[in-house]
Amino acid sequence: MLAHVARLAQVGGWALVPNSGRFLPTSHWCHIHGIEPGESTLDRLLRIIHPEDRTGMLAAIERAVEQQVPYVHQHRIIRPDDQRLRFIQDYGEFIYDADGKPTKLYGAAQDVTERMRMQDALRDTEEHLYLALQLSKTAIWEWHTDTDQVTWSEDMASMWGLPARPFRGTFEEIASCIHPEDLAQWRNSIQASVEDGAELNIEFRVIWPDGSTHWLATDGDAIRDAQGHAIRLAGVARDITQRKMHEQALLESQIRLEQLAYYDHLTGLANRRLLLDRLSQAIAVAERENSHLAVCYLDLDDFKPVNDQCGHEIGDRLLQAVAARLVSCVRPGDTIARWGGDEFALLFADVGDRNACRLILDRVLSGLNERLIEEQPLPVSASIGVTLYPGDHGDADSLLRHADHAMYLAKQCGRNNYQFFDPEKDPLGIANRERLRDIQQAIENGELRLLYQPIVNMRQDSSAAVESVEALVRWQHPRRGLLAPGDFLPAIEGNDLIRQLDHWVLSEALAQQEAWDASGLHLRLHINISAYSLLTPSFMQDVSGCIGQHSRLNAEDIELEILETAALNDLDLVSTVIHQGIKLGLSFALDDFGTGYSSLTYIRRLAARTLKIDQSFVRNMLDNPEDRAIVEGVIGLAHAFDLVVIAEGVETLEHGCLLMRLGCDRVQGYGIARPMTAERLQDWAAAYQQPKLWSEQMKTLASA
């Protein structure tokens, strides 16, 4: 039985007679070392020992004799039978005679090759893990719940502003370093992980001994005993201070971007762009909730004499005071915007009726009929025009235009009063109803046409640069010729006609994409979708049905473009629709980006693939520093959120060069190609070549 056990354990016995050099191995020892069984000598033994280990083996034997201690040595052998290298661990003890002289050395040898390989593998794994932790700047920590001891690696100490050494402390010692505003969340997360098994994944601030604040992110999990009780919490941590600083810089950049794009620099009120955005949202809410809103246009009476008599500086101060007074007279949720000069626009959402609106306007007129600044020669008054939605059932532009008409009526009625717009007496309203009938007939009679505008990658030098196209609708009017979208789409915004038109565009564009694909032209297709269609409950079912009618098409090659302002009308619903589309394989682009009330939160919530910079910013960015700053800010946001960015309105090659320098490579606009028919686009794409100026710009950027 002992022999069997020895063989299983890879152990062989041996004896060495020091005086004669005789070496007496067992058969198991010979099997391990790859030699024939039988008596041997120390010299023969040394021949199979690795040359680099022979001296060490003899020295170990001598040390055991001199110090009368056990002989222990690990060495390598080269087996004579198969030349394999093996690791051997020797253990032995000397037998001494009556005079204390060694007579025999009895020992055992064990083949530890596999153990050494496992140790090497473990050491390699540990080294790789350590390297990975070092490169990722990740530290390790543990909290033993039974002893309340916290231990962590040296790297963890530096994240807490402590000397780089292993740490042992208590849970409360750690808690004392957490920022007070984050402490409750930190404790709750730890408790939930220990007691409820929740995954530990938190970001929090720590206060270093020098008083500075740093951000950490930690992930961990509880290790439990057989009864399921947490015995310790183990995890990793990373210093994310730089990332948080970058996010803060992005947030500040976003705030500056919003200030530039949406607020009047003199009064701090909303500007035209923000007012139109909020008015569009308010119309959508009023339509959905069957509520009312009021749009007012206010013009100061006799403001010009103040400027002429007191100077523009006093005039500006008066405008600032008027802005502040207007804000104080309306409700917290109302919007006041400076329209320009001494003109203001007011938006009252969810106003009950005309009488409720009168109460607010009376406060406004009364509030302005006071001396607002000391230098003001006389109190100012205002003439106000008002229109009420949905009684006046128009879009944002028409509501403001009607309020402006009513304001002129207030001027004619003696100033310092307000007048309401009457839709029944509006000839434009009658004309608009006739326009709707014409558009309905255009859809039914096949008068709509689709043109396609290429989107190119400026860094590509051949037809491969033509990556996608945008489908653009036109109306082939029987009397007026080919009409652009701006000549008829505004009339059907918020009307079921826009949904019918969107369906026609989607069907026609998908059929054309399939035809291109069959001919060998593979293009990504961008299709514009109105807010009205997007928020229709069955919208994604309709889209899926249209795609299903074209077997050659891949949904991943289709990108639906949503106006940024439309997406903000109902952020939750739009986000839901986008996620439904993503499940189908579709992608989404936020069109005219920068014209709406963009925010980091909004970008995070909408899982769009692409941001399209509005052409109004791109077109003027060569000469207008503010527009260039907005373009640069949008490109930075796109890169920060790993989004594709496309610039619209590229009218010259110089626009393209600047965009490349700013980090935007995909562009569309008249400087590349005007919208064209499907037939012409196929030839145009095949013949496309990268402009020489863009090629030179690429080389310049590559060498920089």
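Cut-offs used in this document
- Residues numbered from 1 in each chain as written.
- Predicted model: local features only at pLDDT ≥ 70, side-chain atom pairs only at ≥ 80, totals over all residues.
- Heavy atoms only, no water.
- Helix = DSSP H or I, 4+ residues; strand = E, 2+ residues; numbered from the N terminus.
- Rg over C-alpha atoms; globule rule 2.2 N^0.38 Å.
- Buried < 20%, exposed > 50% of the residue type's maximum accessible area, 1.4 Å probe, protein only.
- Contact = heavy atoms within 4.5 Å.
- Areas by Shrake-Rupley, 256 points an atom, 1.4 Å probe, with all protein chains shown as cover.
- Disulfide = S-S within 2.5 Å.
- Axes fitted to C-alpha atoms, helices over the stretch in contact; angles between N-to-C directions.
- Parallel < 35°, antiparallel > 145°, perpendicular 65-115°, else oblique.
- Left-handed = near helix turned anticlockwise from the far one by under 90°.
- Nonpolar A, V, L, I, M, F, W, Y, C, P; charged D, E, K, R; others polar.
- Pairing = 2+ DSSP bridges.
- Phe/Tyr/Trp six-rings, centres within 6.5 Å; stacked < 30°, edge-to-face > 60°.
- Lys NZ or Arg CZ within 6 Å of the ring centre and 35° of its normal.
- Salt bridge = Lys/Arg side-chain N within 4 Å of Asp/Glu carboxyl O.

Undergrad: Would you explain the overall build of the chain in this entry?
TA: Looking only at helices and strands, the chain features 27 helices and 26 strands. Since a compact globule built from 704 residues should have a radius of gyration of about 27 Å, the 40 Å found for the chain marks it as more spread out than a globular shape. Summarising its shape, the C-alpha atoms of the chain cover approximately 135 × 70 × 55 Å along the three principal directions. Looking at the chain as a whole, 48% of its 704 residues qualify as buried. A separation of at least 24 residues holds for 61% of the contacts in the chain among residues at least 6 apart in sequence. With the model as given, the accessible surface of the chain reaches about 35,300 Å², and the carbon-plus-sulfur share is 50%.

Undergrad: Just checking my understanding: could you explain the state of the cysteines for this structure?
TA: Two cysteines joined by a covalent bond between their sulfur atoms form a disulfide. Scanning all chains against the criterion turns up zero disulfides. Sulfur of C657: no disulfide; nearest cysteine sulfur belongs to C664 and is 13 Å away.

Undergrad: How should I be thinking about the packing of helix α19 (residues 539-548) against helix α21 (residues 571-584) in this particular structure?
TA: Packed helix pairs are specified by the crossing angle of their axes together with the interaxial distance, meaning the distance between the axes. Across the interface, α19 lies against α21 with an axial gap of 10 Å and an inter-helix angle of 25°. With respect to α21, the axis of α19 lies roughly parallel. Regarding α19 and α21, the two cross each other, and that crossing is right-handed. The residues of α21 that touch α19, namely those facing F539, M540 and S544, are V577, Q580, G581 and L584. Here the contact of α19 with α21 is built from residues that sort into four nonpolar, three polar and no charged.

Undergrad: How should the sheet that holds strand β5 (residues 85-96) be read in this particular structure?
TA: Picture the strands of a sheet paired through backbone hydrogen bonds; they go either parallel or antiparallel. Within the open sheet, the six strands sit side by side as β3-β2-β1-β6-β5-β4. Their pairing is antiparallel. Only two strands of the sheet have a single partner each, and these edge strands are β3 (40-41) and β4 (71-78). Alignment of strand β1 (residues 11-17) against strand β2 (residues 22-25), held across four bridges, turns out to be antiparallel. By the bridge assignment for β2, W14 is matched with P25.

Undergrad: Got a minute to help me understand the packing of aromatic side chains in this structure?
TA: What characterises a pair of aromatic rings is the spacing of the ring centres plus the angle enclosed by the ring planes. The tally for this structure, following the rule as stated, stands at twelve aromatic pairs. Considering the side-chain rings of Y297 and W339, the 6.3 Å spacing of their centres and the 70° angle between planes classify their relative orientation as edge-to-face. Here Y297, found in strand β13 (residues 293-301), pairs with W339, found in strand β14 (residues 335-340); they are 42 residues apart in sequence, far enough to count as distant. Grouping residues by exposure puts Y297 and W339 together as buried. Stacked on the ring of F420, the Lys or Arg R354 has its end atom at 4.4 Å from the ring centre. The cationic tip of R674 hangs over the ring face of Y670; the distance from NZ or CZ to the ring centre is 4.0 Å.

Undergrad: Would you mind going over the pattern of salt bridges with me for this structure?
TA: Per the counting criterion, the structure on display carries 32 salt bridges. Between E114 and R117 there is a salt bridge, and its shortest N-O distance comes to 3.0 Å. Here E114 and its partner R117 are both found in helix α5 (residues 113-135), three residues apart, which amounts to about one turn of the helix. A salt bridge links D665 to R459, with the nearest nitrogen and oxygen atoms 3.0 Å apart. Note that D665 is positioned in the loop between α25 (653-662) and β26 (666-667) and R459 in the loop between β18 (448-457) and β19 (466-477), a separation of 206 residues in sequence. In this structure, a network of salt bridges that share partners links the residues R79, D81, D82 and R84.

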